[in-house]
Amino acid sequence: MQDTDHFNDRVSDAPSDNWVYRILPPWLWPYAQLARWDRPIGWQLLMWPCFWSATLAANAAIGEGVYSGSLLVSHLFLYFIGAVAMRGAGCTYNDLVDHEIDMQVARTRSRPLPSGRVTRAHAKVFIGLQALVGLFVLLQFNWFTVFLGLLSLGIVALYPYAKRFTDWPQFYLGLAFSWGALMGWAGILGGLSFAAILLYAASVAWTIGYDTIYAHQDKEDDELIGVRSTARLFGDRTRAWLIGLYGLTLVLMFVAFALAGANLIAFLALLGAAGMFAWQVVRLDIEDAAQCLALFKSNNRVGLIIFFGLFLSLLFAIP
């Protein structure tokens, strides 16, 4: 009976063999689920624009004679911690805002708040604790980056409501999730440049693309309860929209890399990312929820490929 109880404490769309259920005591599981620790793809996708931007800025810093390897490594570690903490806080906040909606959607009604395993008061306390970790991380950077990080809070606060007033909530998610493309550059060089802004725009286009794929899992429920999304907006034209969005991502990144002085290796990585994007477009079946989830998760590999190219570009450029 105990095993069954533990199974009932899981979330239907999360893997049941995750480390959360092997290591943490059962009373912590609902909080881990609120923060999505059992679904790392979210913090991974939040982290990659930070990693790209910091590493691209390091490439530019070599040309300016101000490169510091130790600074880059420490910043990458901080962005990892910050991505986990702030993604967790954002998901908890999103679940509070969407409490009633999540009760009406099959995929989400087993989450801790709709299922009653966590109270709203406890969820708010948990947001505060995660936000404190995020604030500690943010305060390790220069003051321009701290100010830039605080500016993102308005977008983060608005995002959960976007699905109620626009067919483009994925655009607002992109604005929030891509903010690291500005933060990484500012953390290394103390300001922004056109290359960082282009990288940010590329990340927004990428986010709209992959989250449209993700949103196809819920489009029937979304239609019933009146929730809007680009999945519903694009419908059968999703493949064509993905070609445009992913194509825009690659073009903007290409220009950003060129402006920052990245070498050939970074551009070869973009070619690898283009192959991954093409594979997603060809494989996509918007009526197959499991496949949509798998294609969405494959964007973690896209992020890794691009980062790996930028990092190798940096290593070969160091005098």
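The model shown is predicted, which means the values in this text are computed figures rather than measured ones.

S.K.: Even after reading the chapter, I still don't get the packing of helix α16 (residues 289-297) against helix α17 (residues 299-317), so can you show me in this structure?
M.R.: Closest axis-to-axis distance for the α16/α17 pair is 4 Å, and the angle between their directions is 15°. If you check the angle between α16 and α17, you find them roughly parallel. Contact residues: L295, F296 and K297 in α16; N299, N300 and R301 in α17. Classifying every residue of the contact of α16 with α17 gives two nonpolar, two polar and two charged.

S.K.: It is not clear to me how the UniProt feature "transmembrane region" (unreviewed entry) in the chain should be interpreted in this structure. Could you clarify?
M.R.: The sites that UniProt annotates as "transmembrane region" (unreviewed entry) are residues 69-89, 121-139, 182-209, 240-258, 264-282 and 302-318. Helix makes up 100% of residues 69-89 and strand 0%, with an end-to-end C-alpha separation of 30 Å. End C-alpha to end C-alpha, residues 264-282 measures 27 Å, and it is 100% helix and 0% strand.

S.K.: Quick question: what am I supposed to make of a negative patch on the surface here?
M.R.: A cluster of acidic residues, E220, E223, D236, D285, E287 and D288, forms a negative patch at the surface. Examined against the element boundaries, E287 turns out to sit in the loop between α15 (264-283) and α16. Overall, the relative accessible area of 55% leaves E287 in the exposed class.

S.K.: Would you take a moment to explain the packing of helix α4 (residues 41-64) against helix α11 (residues 194-215) for this structure?
M.R.: Any two packed helices are characterised by the angle at which their axes cross and by the distance between the axes. It is the contact of α4 with α11, at a shortest axis distance of 11 Å, that shows an interaxial angle of 160°. The angle between α4 and α11 falls in the class roughly antiparallel. The handedness of the crossing between α4 and α11 is right-handed. Contacts from L45, W48, P49, W52, S53 and L56 in α4 reach L199, S203, W206 and Y210 in α11. Here the residues of the contact of α4 with α11 are counted per class, giving eight nonpolar, two polar and no charged.

S.K.: Looking at this structure, how should I read a nonpolar patch on the surface?
M.R.: A grouping of V125, L129, L132, L135, L139 and W143 is seen on the molecular surface, where their side chains present a nonpolar patch of about 670 Å² in accessible area. With four residues, helix α7 (residues 120-138) is the largest single contributor of residues to the nonpolar patch. Of note, L129 is situated in helix α7.

S.K.: Help me out: how do you make sense of the nonpolar core in this one?
M.R.: Note that soluble globular proteins tend to have their nonpolar side chains buried in a common cluster. Counting residues in each nonpolar core, the largest one holds 79 residues, and the members touching the most others are W52, L56, W206, F257 and I306. Looking at which element gives the most residues to this core, the answer is α4, with 16 residues. Y31, L34, L113 and I127 belong to the second-largest nonpolar core, a separate cluster that totals nine residues.

S.K.: Is there a simple way to think about the side chain of T145 in this case?
M.R.: With respect to the helices and strands, the residue T145 is situated in helix α8 (residues 143-165). For T145, a relative accessible area of 0% puts it in the buried group. There is a polar contact of 2.7 Å between the side chain of T145 and the side chain of N142. For T145, the residues in contact, after removing those within four places along its chain, are L138, M183, A186 and G187.

Each value, and the rule that gives it
Residues numbered from 1 in each chain as written. Predicted model: local features only at pLDDT ≥ 70, side-chain atom pairs only at ≥ 80, totals over all residues. Heavy atoms only, no water. Axes fitted to C-alpha atoms, helices over the stretch in contact; angles between N-to-C directions. Helix = DSSP H or I, 4+ residues; strand = E, 2+ residues; numbered from the N terminus. Parallel < 35°, antiparallel > 145°, perpendicular 65-115°, else oblique. Contact = heavy atoms within 4.5 Å. Nonpolar A, V, L, I, M, F, W, Y, C, P; charged D, E, K, R; others polar. UniProt positions renumbered as here; feature names shortened; annotations may be inferred. Patch = residues over 30% accessible without salt bridge, like charges linked within 9 Å, V, L, I, M, F, W, Y side chains within 5 Å. Areas by Shrake-Rupley, 256 points an atom, 1.4 Å probe, with all protein chains shown as cover. Salt bridge = Lys/Arg side-chain N within 4 Å of Asp/Glu carboxyl O. Lys, Arg positive; Asp, Glu negative; His and termini not counted. Charge placed at Lys NZ, Arg CZ, Asp CG, Glu CD. Buried < 20%, exposed > 50% of the residue type's maximum accessible area, 1.4 Å probe, protein only. Left-handed = near helix turned anticlockwise from the far one by under 90°. Core = buried A, V, L, I, M, F, W, Y, C linked by side-chain atoms within 4.5 Å. Polar contact = N/O pair within 3.5 Å; in protein donor to acceptor, adjacent residues only side chain to side chain.

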